[in-house]
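What follows is the residue order along each chain.
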Amino acid sequence: MDLSEEQFQRYARHLILDEVGEEGQEKLLSARVLVVGAGGLGSPMLLYLAAAGIGTIGIVDNDRVDLTNLQRQIVHATRRVGDLKVASARDTLEAVNDGIKIETHPVRLGLNNAEAIVAQYDIVADGSDNFATRYLLNDLCCRLKKPLIAAALSPFEGQLSTFRPYLGAGHPCYRCLFREPPPPDMVPRCEEAGILGAVAGVLGTLQAVEVLKEVLGLGDSLDGTLLIYDALHAGFHRIRIAKDPECPTCGADAHAAAA
């Protein structure tokens, strides 16, 4: 792939980085990334991935833009209230960068459609807001050998990790950390608990950074590490995640059954 003059100008600040350069930018332009959820996490992530020149971005979301979303879901505008989020996000991203491809999937991921969608992409970024989708993506990305960059939010905190359990020992999956979803009444949804909008921006932006690192092969992956952000105390800390040999998704028995 040869960069055009317009691309040389657009991505000039990438090209002067020794760690990226022309070869790295070509990797970004050739990458296919699926973002699940065009909400609080997905919004900043989508904007930065589009600006960075990820060549094909898939967006999965079956929801419509609501006025209550706009306090944190910055990829949407007031005039788009009532529109499908994937359509609203696509229009914003195309205005940011008209040299990339945006693929929209206005559906809710489930057992009937997730594999067909996920299989089309190189990397999956989970910005969903429900445990059913998180566990579905974890299990599916493990089986399809797709890197999964996942984040979650609470009112003033967030957590982020990268999961590549298919690489074997030392590479846990989400179920190694949380074997089963918590009872529904234990974790209130955003509309019940609230959230400081900019916290979603911090975590979504960090997700975008980890996606770009994964595409470029840069730096240290969060694989095997849970990064936790505490907004009220302006702090980050890390927790090591061990691979669970009895994990039903990536443990020894799971591998034996797959074989």
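Rules and cut-offs
- Residues numbered from 1 in each chain as written.
- Predicted model: local features only at pLDDT ≥ 70, side-chain atom pairs only at ≥ 80, totals over all residues.
- Heavy atoms only, no water.
- Axes fitted to C-alpha atoms, helices over the stretch in contact; angles between N-to-C directions.
- Helix = DSSP H or I, 4+ residues; strand = E, 2+ residues; numbered from the N terminus.
- Left-handed = near helix turned anticlockwise from the far one by under 90°.
- Contact = heavy atoms within 4.5 Å.
- Nonpolar A, V, L, I, M, F, W, Y, C, P; charged D, E, K, R; others polar.
- Core = buried A, V, L, I, M, F, W, Y, C linked by side-chain atoms within 4.5 Å.
- Buried < 20%, exposed > 50% of the residue type's maximum accessible area, 1.4 Å probe, protein only.
- Patch = residues over 30% accessible without salt bridge, like charges linked within 9 Å, V, L, I, M, F, W, Y side chains within 5 Å.
- Areas by Shrake-Rupley, 256 points an atom, 1.4 Å probe, with all protein chains shown as cover.
- Salt bridge = Lys/Arg side-chain N within 4 Å of Asp/Glu carboxyl O.

Participant: Sorry if this is basic, but what is going on with the packing of helix α4 (residues 42-52) against helix α10 (residues 197-216) here?
Facilitator: Each pair of packed helices can be summarised by the angle the axes make with each other and by the distance between the axes. At a closest axis distance of 7 Å, the pairing of α4 and α10 adopts a crossing angle of 35 degrees. In the crossing of α4 with α10, the sense of the turn from one axis to the other is right-handed. For the pair α4 and α10, contact is made by P44, M45, Y48, L49 and A52 and by A200, G201, G204, T205, Q207, A208, V211 and L212, respectively. A per-class count over the contact of α4 with α10 returns nine nonpolar, four polar and no charged.

Participant: Can you walk me through the nonpolar core in this structure?
Facilitator: Inside soluble globular proteins, nonpolar side chains tend to come together where they are buried. In this structure, V35, L46, L49, I54, I57, I59 and L93 are the most contacted members of the largest nonpolar core, which totals 41 residues. For this core, the element with the most residues is α10, which contributes seven residues. Those residues in contact with I54, other than ones at most four positions away along the chain, are L28, A31, V33, L49, I100, L212 and V215. Of all hydrophobic cores here, the second largest spans 21 residues; its members include V124, L137, L140 and L148.

Participant: Is there a simple way to explain a nonpolar patch on the surface in this structure?
Facilitator: On the surface, a nonpolar cluster with roughly 300 Å² of combined accessible area is contributed by F156, L196 and L232. Inspection of the secondary structure puts L232 in the loop between β7 (225-230) and β8 (235-240).

Structural measurements only, silent on function.
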